[in-house]
Amino acid sequence: LDFFPADSPPVGLVDPEVFNTMLQKRTLEVKLNDVIIQYSDGVLEGMNVAKDLYGEERFNESIRKNGHLPIQKIIDNTKADLFAFTKGATQNDDITLIGVKVVG
């Protein structure tokens, strides 16, 4: 897995005019079956009742395990894995996953 961390603050935390000056353009070379996932910090910070975080390791494993599937299944299975981990514990942040898969 390759990671491209965000270099700007989250949307909505600074004035839009300031935010727009902080955006950076990135070009990625992709090939057939590559998957691009954008996610909010609430995904990694999902907590179970013991206050354990879902974390990068679990998230990455879910993406690896499901990467061969269509993009909607990757997202659905990753959310299901996260929700199985949190077991209904109240979450303190949004959980947002956006995915794209390169198809022929």
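Keep in mind the model is a prediction, meaning the values are calculated, not measured.

A. Main features of the overall build of the protein. Summing up its helical and strand segments, the protein has four helices and two strands in all. By its C-alpha atoms, the protein is 40 × 40 × 20 Å across when sized along the principal axes. Within the protein, buried positions represent 24% of all 104 residues. By sequence separation, contacts in the protein at least 24 residues apart represent 64% of the contacts at least 6 residues apart. Of the roughly 7,700 Å² of accessible surface on the protein, a fraction of 54% belongs to carbon and sulfur atoms. Charge centroids of the protein, computed over 11 positive and 16 negative side chains, lie 8 Å from each other.

B. Quick peek at the environment of F83. Residue position: F83 is located in helix α4 (residues 71-86). What makes F83 partly exposed here is its relative accessible area of 42%. Along the sequence, F83 and D2 sit 81 residues apart, while their C-alpha atoms lie 24 Å from each other. Leave out the neighbours within four places in its chain, and F83 touches G88 and I95.

C. Local environment of the nonpolar core. If you look at the biggest cluster of nonpolar residues, it comprises eleven residues: I37, V43, L44, Y54, F59, I63, I74, I75, L82, F85 and L97. Of all the elements in the fold, those that place two or more residues in this core are α2 (41-44), α3 (55-66) and α4. Setting aside residues no more than four positions away along its own chain, I75 makes contact with I37, L97, I98 and G99.

D. Region of interest: unusual backbone geometry. The phi angle at N33 is positive, at roughly 75°, despite the residue not being glycine. Among the secondary structure elements, N33 is positioned in the loop between α1 (16-22) and β1 (35-39). Its relative accessible area of 46% is what places N33 among the partly exposed residues. At K51, a position not held by glycine, the phi torsion is positive, near 70°. Relative to the helices and strands, K51 is located in the loop between α2 and α3. Here K51 falls in the exposed class, since its relative accessible area comes to 63%.

E. Representation of the packing of α3 against α4 within the structure. Interhelical geometry of α3 versus α4 gives an angle of 145° and a closest axis separation of 9 Å. Two packed elements cross with a definite hand, and for α3 against α4 that hand is right-handed. Packed against α3, whose contacting residues are R58, F59, S62, I63 and N66, the element α4 presents I74, N77, T78, D81 and F85 at the interface. Across the contact of α3 with α4, the residue classes tally to four nonpolar, four polar and two charged.

Rules used throughout
Residues numbered from 1 in each chain as written. Predicted model: local features only at pLDDT ≥ 70, side-chain atom pairs only at ≥ 80, totals over all residues. Heavy atoms only, no water. Helix = DSSP H or I, 4+ residues; strand = E, 2+ residues; numbered from the N terminus. Buried < 20%, exposed > 50% of the residue type's maximum accessible area, 1.4 Å probe, protein only. Contact = heavy atoms within 4.5 Å. Areas by Shrake-Rupley, 256 points an atom, 1.4 Å probe, with all protein chains shown as cover. Lys, Arg positive; Asp, Glu negative; His and termini not counted. Charge placed at Lys NZ, Arg CZ, Asp CG, Glu CD. Core = buried A, V, L, I, M, F, W, Y, C linked by side-chain atoms within 4.5 Å. Axes fitted to C-alpha atoms, helices over the stretch in contact; angles between N-to-C directions. Left-handed = near helix turned anticlockwise from the far one by under 90°. Nonpolar A, V, L, I, M, F, W, Y, C, P; charged D, E, K, R; others polar.

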